[in-house]
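Overview (structure and organization)
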Amino acid sequence: MITKRAFLSTVAMAGTAAIGLNASAFRRALAQSYPSRVIRIIVPWSASTPPDILARIVATALSESEGWNVIVENKPGAVGTIGPMAALKQPADGYTLLSVGTPLAAVPALVPDAKFKLETDLTPLIQIGTAYNVLVVNPSVPVNSVAELIAYLKKDPGKYTFSSGGFGTPAHLLGELFKLETGVQATHVPYAQFPQAIGDLISGVNTYQFIAMMPVVQHINTGKLRALAVMGHKRVPALKNVPTIAEAGYPKLAAEDWNGLMLKTGTPPAVTARLNEAVDKALKTDKVRDALGKLGTDPGGGTPEAFGTLVHAEIARWSKVIKDAGIKINT
């Protein structure tokens, strides 16, 4: 049974053939009229999470600068695999964008039976930004540096816990990398609700966590949490007195939390180029840069090719961590 969309596409192609246009020219003509309806950004994580906030900043900017109608839809669950599957059910026409980040780079190794391949079923559009995690401990833990934490954990192997917002999240992956690089033994405690993970760390239920910077800056400043290191390659203004993990003596642990957008493979190149141009322009505006800065995020931008190189490298890096750590999970 032919769908209405397929029927209309067939009619349109027949019409172009009748006036001497080939399929390539037809696609270019479609791109010139793009967009003619609502654009959706699917976020594979819950509302109010950093990727959701970033997507909404971009959606608002595109609505204001381009006059486009852009909406954000949250489709969390199954280690981030529900969102990509929802996006891939839509046509490759540029009207469905997918928010991607570090957790999706972990999916190929973490969920080998996932029904999609990030690097073949999806194509890069643009990087939105780079954020930084910070290693924090409960103040009752008698340590003031990364080296002291490692020594503390090694005194009682397996006694202590580190928490995260779930399997495959940056907090989980950094925790496993930390164990591999330092030889400590600690138990991972995943949470379904991000605020609960922070609350239990503050109350002393867990020992330490690698966590997105902005949600805990206030807790660090008020002494509810103690920051030992920023996990990126540079110090951040909001925590200017906290050393980077490299400065603390562990450069192999440096990792930045990135976010970007992808499209279903097969999207017309002209549409991809138009989207990339619009988002790149939005990321350069003072309003968007200020909004990202308040989240502790450096603005991204650039070409699809540059973003694709980052995604490829991140998949390789975290796949090795997951394999070496022996992490296995099924959705």
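Residues numbered from 1 in each chain as written. Predicted model: local features only at pLDDT ≥ 70, side-chain atom pairs only at ≥ 80, totals over all residues. Heavy atoms only, no water.

**Remarks on the pattern of salt bridges**
Put simply, the rule reads: A pair is scored as a salt bridge if a Lys or Arg side-chain nitrogen falls within 4 Å of a carboxyl oxygen belonging to Asp or Glu. Put simply, DSSP marks the helices as runs of H or I at least four residues long and the strands as runs of E at least two long, and each gets a number from the N terminus on. Relative accessibility decides the category of a residue: with a 1.4 Å probe and only protein chains considered, values under 20% of the type maximum give buried, values over 50% give exposed, and everything between is partly exposed.
Enumeration over the complete set of coordinates arrives at 12 salt bridges. With its nearest N and O atoms 2.7 Å apart, the salt bridge here joins Glu-73 to Arg-40. One end of the pair, Glu-73, is in strand β2 (residues 70-74); the other, Arg-40, is in strand β1 (residues 39-43), with 33 residues separating them in the sequence. Take Glu-73: its relative accessible area is 22%, and that puts it in the partly exposed class. Close ionic contact of Glu-277 with Arg-274 constitutes a salt bridge, the shortest N to O distance being 3.3 Å. Placement of the pair is Glu-277 and Arg-274 together in helix α11 (residues 269-283), with a separation of three residues, close to one helical turn. A relative accessible area of 25% places Arg-274 in the partly exposed class. Sharing partners across several salt bridges, the network here consists of Glu-66, Arg-274, Glu-277 and Lys-281.

**Brief notes about the sheet that holds strand β8 (residues 208-212)**
Inclusion rule: When DSSP finds two or more bridges between two strands, those strands count as paired. To obtain each axis, a line is fitted to C-alpha atoms, and for helices this fit is confined to the stretch in contact; angles are then taken between N-to-C directions over 0 to 180 degrees. Note on definitions: a residue-residue contact is assigned when non-hydrogen atoms from the two residues lie within 4.5 Å.
Within the open sheet, the five strands sit side by side as β7-β6-β8-β5-β9. Their pairing is mixed. In this open sheet, the two strands that pair with only one neighbour each are β7 (187-190) and β9 (226-230). On average, each strand axis in the sheet is inclined to that of its neighbour by 30 degrees, with strand direction left out of account. In the sheet, strand β5 (residues 133-137) pairs with β9 via four bridges, with the strands oriented antiparallel. Note on β9: the bridge partner recorded for Leu-135 is Ala-229. Helix-sheet contacts for helix α8 (residues 170-182) involve β5, β6 (161-164), β7 and β8, and the interaxial angle to β6 is about 150 degrees.

**Topic: the layout of surface pockets**
Formally: Residues are called lining when one of their atoms sits within 4 Å of a cavity or pocket point, these points coming from a 1 Å grid over the protein atoms alone, where a cavity is a set in which a 1.4 Å probe fits but cannot get out and a pocket is an open set with protein on both sides within 12 Å along at least five of seven lines. Grid points are joined across faces, edges and corners, and a volume is the space filled by probe spheres set on the points. Amino acids are sorted into nonpolar (Ala, Val, Leu, Ile, Met, Phe, Trp, Tyr, Cys and Pro), charged (Asp, Glu, Lys and Arg) and polar (every other residue, Gly among them).
In this structure, the largest pocket occupies an estimated 1100 Å³ of space. As for the largest pocket, its lining consists of 48 residues, and the residues nearest its centre are Trp-45, Thr-49, Pro-50, Pro-51 and Phe-194. Looking at the lining of the largest pocket residue by residue, the class counts come to 29 nonpolar, 18 polar and one charged.

**Quick look at the pairing of β8**
Most of β8 sits out of view: five of its five residues are buried. In the sheet, β5 pairs with β8 via five bridges, with the strands oriented antiparallel. Its bridge partner lying in β8, Leu-135 is registered against Phe-210. Two strands pair when backbone bridges link them, and β6 and β8 are joined in this way by two bridges, in the parallel orientation. Bridged to Phe-162 within β8 is Tyr-208.

**A short note on the environment of Asn-259**
Relative to the helices and strands, Asn-259 is located in strand β10 (residues 257-264). It is 5.6 Å that separates the C-alpha atoms of Asn-259 and Gly-129, two residues lying 130 residues apart in sequence. Discounting residues that sit within four places of it in the chain, Asn-259 has contacts with Pro-51, Leu-54, Ser-99, Val-100, Gly-101, Gln-127, Ile-128 and Gly-129.

**Observations concerning the packing of helix α3 (residues 50-66) against helix α12 (residues 286-294)**
The following threshold applies: An angle below 35 degrees is treated as roughly parallel, one above 145 as roughly antiparallel, one from 65 to 115 as roughly perpendicular, and anything else as oblique.
At a minimum axis distance of 11 Å, the contact between α3 and α12 shows a crossing angle of 170 degrees. Viewed along their axes, α3 and α12 adopt a mutual orientation that is roughly antiparallel. Counted together, Leu-54, Ile-57, Ala-61 and Glu-64 of α3 and Lys-287, Val-288, Ala-291 and Leu-292 of α12 form the full contact between these two elements. For the contact of α3 with α12, a count of residues per class yields six nonpolar, no polar and two charged.

**Looking at the packing of aromatic side chains**
Condition: Side-chain rings of Phe, Tyr and Trp (the six-membered ring for Trp) are treated as a pair once their centres are within 6.5 Å; stacked means planes under 30 degrees apart, edge-to-face means over 60, and tilted covers the remaining angles. As a reminder, the over-ring test applies to NZ of lysine and CZ of arginine, requiring each to be within 6 Å of the ring centre and within 35 degrees of the ring normal.
All told, the structure shown has eight aromatic pairs when counted by the stated rule. Consider the rings of Tyr-208 and Phe-210, whose centres lie 6.1 Å apart with planes at 85 degrees: the pair is edge-to-face. Overall, Tyr-208 belongs to the buried group, its relative accessible area being 0%. With centroids separated by 5.8 Å and ring planes inclined at 75 degrees, the aromatic side chains of Trp-258 and Phe-307 adopt a geometry described as edge-to-face. Taken together, the residues Trp-258 in strand β10 and Phe-307 in helix α13 (residues 304-325) connect sequence positions 49 residues apart. Side by side, Trp-258 and Phe-307 carry an identical accessibility label, which is buried. Here the aromatic residues Phe-162, Phe-178, Tyr-208 and Phe-210 are joined through ring pairs into a cluster of three or more. Positioned above the aromatic ring of Tyr-95, the side-chain terminus of Arg-37 is 3.8 Å from the ring centre. A cation over an aromatic ring shows up here: Arg-317 above the ring of Trp-318, its NZ or CZ 5.1 Å from the ring centre.

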